[in-house]
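# Commentary on secondary and tertiary structure
Letter by letter, the chains look like this.
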Amino acid sequence: MTGFPSDDVPELARGVHDMGGLPGGPVDRHEHAVSLWEKRVDALLVLLTRKGVFSVDELRNAIERLGAEAYTAMSYYERWTASIAWNLMQRGVITADELGKRMAEIEAEGRQ
Amino acid sequence: MTPAARLSVKRFKPGQAVRVRRAFPPGHIRTPIYIRGAAGVIERDCGDCVNAEERAFARSGLPALPLYRVRFRQQEIWPGYDGPDSDSIEIEIYANWLEPA
């Protein structure tokens, strides 16, 4: 073998999520509390996938396509939320118009 | 014919030498980028699994694809790896990503 598989990986082909072998710094091993909204997002995904609205593979696919900046800035369940919204629009369950209006309403109410 | 049905399905036996295809398609790929092109050995047959690369695009992912656990030598994967020669890494890889070595 002339080199290592990772030697000449085309950088443009590497998704931001595909980070095996890259420097990652120390692993944070602390437990952290899960907030109510995160539990609700988790429950929502379980319902959507069990009912066959879309699959976990579609969830992951959309997360991988958030773009490096958003992927890095978002928390774990923020990525899920963005992907669930994308997939619900992809599958015709909601429209972008409905989602946008509801998001603006909630923001105006000052809710978390 | 569905996209998944166009895949050529290869069968391997434990102990058989294989190489991971060196390819960089777009899509939802379950074969990590760092292992593409690497040579390894079939550790076990994990059975046939729904094809996640297809199901990621709202298709059925059927027919299911054989999934294999493949063992690689760490020293052949990472430049400057300074662990013991016996260190290995095992990755579960779908049959469409493997070729006989």
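Residues numbered from 1 in each chain as written. Chains lettered and ligands numbered in written order. Predicted model: local features only at pLDDT ≥ 70, side-chain atom pairs only at ≥ 80, totals over all residues. Heavy atoms only, no water.

An unreviewed UniProt entry annotates chain B as Nitrile hydratase beta subunit domain-containing protein of Hypericibacter adhaerens.

## Observations concerning the side chain of R36(B)
Residue and element names in this part refer to chain B. Tracing the sequence through the fold places R36 in the loop between β1 (17-20) and β2 (39-49). Exposure remark for R36: the relative accessible area of 4% places this residue in the buried category. Reaching out from R36, the side chain makes a polar contact with the backbone oxygen of T31 at a distance of 2.9 Å. (Helix = DSSP H or I, 4+ residues; strand = E, 2+ residues; numbered from the N terminus. Buried < 20%, exposed > 50% of the residue type's maximum accessible area, 1.4 Å probe, protein only. Polar contact = N/O pair within 3.5 Å; in protein donor to acceptor, adjacent residues only side chain to side chain.)

## Notes on the interface of chain B and chain A
With 21 residues of chain B in contact, the opposing surface of chain A contributes 22 residues. Roughly 1900 Å² of surface becomes buried between chain B and chain A when both sides are summed, with 54% attributable to carbon and sulfur atoms. Per-residue buried area on chain B facing chain A is highest for H28(B), I33(B) and R55(B); these three make up 28% of the total on that side. Seen at the junction of chain B and chain A, the total is four salt bridges. Here D8(A) makes a salt bridge to R22(B), at a shortest N to O gap of 2.7 Å. (Contact = heavy atoms within 4.5 Å. Buried area = accessible area lost by both parts, 1.4 Å probe. Salt bridge = Lys/Arg side-chain N within 4 Å of Asp/Glu carboxyl O.)

## Thoughts on the packing of helix α2 (residues 56-64) of chain A against helix α4 (residues 76-90) of chain A
Residues and elements named next belong to chain A. Closest axis-to-axis distance for the α2/α4 pair is 8 Å, and the angle between their directions is 110°. By the angle between their axes, α2 is roughly perpendicular relative to α4. Here E58, L59, A62 and I63 of α2 lie close against α4, whose contacting residues are R79, W80, S83, I84, W86 and N87. Split into classes, the residues belonging to the contact of α2 with α4 amount to six nonpolar, two polar and two charged. (Axes fitted to C-alpha atoms, helices over the stretch in contact; angles between N-to-C directions. Parallel < 35°, antiparallel > 145°, perpendicular 65-115°, else oblique. Nonpolar A, V, L, I, M, F, W, Y, C, P; charged D, E, K, R; others polar.)

## Some thoughts on unusual backbone geometry
Trans is the prevailing form of peptide bonds, just as negative phi is the prevailing case for residues other than glycine. P63(B) follows L62(B) through a cis peptide bond whose omega is 0°. By secondary structure assignment, the location of P63(B) is in the loop between α1 (52-55) and β3 (65-73).

## Description of the UniProt feature "domain: Nitrile hydratase beta subunit" (unreviewed entry) in chain B
Those places that UniProt annotates as "domain: Nitrile hydratase beta subunit" (unreviewed entry) correspond, in this numbering, to residues 10-100 of chain B. Along residues 10-100 of chain B one finds 9% helix and 37% strand; the C-alpha atoms at either end are 9 Å apart. (UniProt positions renumbered as here; feature names shortened; annotations may be inferred.)

## Focus on the packing of aromatic side chains
One pass over the full model with this rule turns up five aromatic pairs over all chains. Their ring planes at 35° and their centres at 4.9 Å tell us that Y34(B) and W78(B) sit as a pair that is tilted. Taken together, the residues Y34(B) in the loop between β1 and β2 and W78(B) in the loop between α2 (74-77) and β4 (88-94) connect sequence positions 44 residues apart. As far as burial versus exposure is concerned, Y34(B) and W78(B) are alike and both buried. Of the aromatic side chains, those joined through ring pairs into one cluster are Y76(A), Y77(A) and W80(A). Over the ring of Y71(A) we find R79(A), and its NZ or CZ is 3.9 Å from the ring centre. Here the guanidinium or amino end of R21(B) rests over the ring plane of W97(B), the centre of that ring lying 4.6 Å away. (Phe/Tyr/Trp six-rings, centres within 6.5 Å; stacked < 30°, edge-to-face > 60°. Lys NZ or Arg CZ within 6 Å of the ring centre and 35° of its normal.)

## Section: α4(A)
Taking 1.5 Å of rise per residue, 15 residues should cover 21 Å, and α4(A) covers 21 Å from first to last C-alpha, within 8% of that figure. Positive backbone phi, at 80°, marks G92(A), one or two positions downstream of α4(A). (Expected span 1.5 Å × (residues − 1).)

## Thoughts on the environment of I29(B)
Within the secondary structure layout, I29(B) lies in the loop between β1 and β2. With sequence-adjacent residues up to four places away left out, I29(B) is seen in contact with R36(B), E53(B) and W97(B).

## Thoughts on the sheet that holds β1(B)
Residues and elements named next belong to chain B. The five strands lie next to each other as β4-β3-β2-β1-β5, forming an open sheet whose pairing is antiparallel. For this open sheet the edge positions go to β4 and β5 (98-100), each flanked by a neighbour on one side alone. Neighbour-to-neighbour, the strand axes of this sheet turn through a mean angle of 45°, independent of strand direction. Bridging between β1 and β2 involves three bridges; their strand directions are antiparallel. Across the sheet, the residue bridging to A17 is V41, located in β2. (Pairing = 2+ DSSP bridges.)

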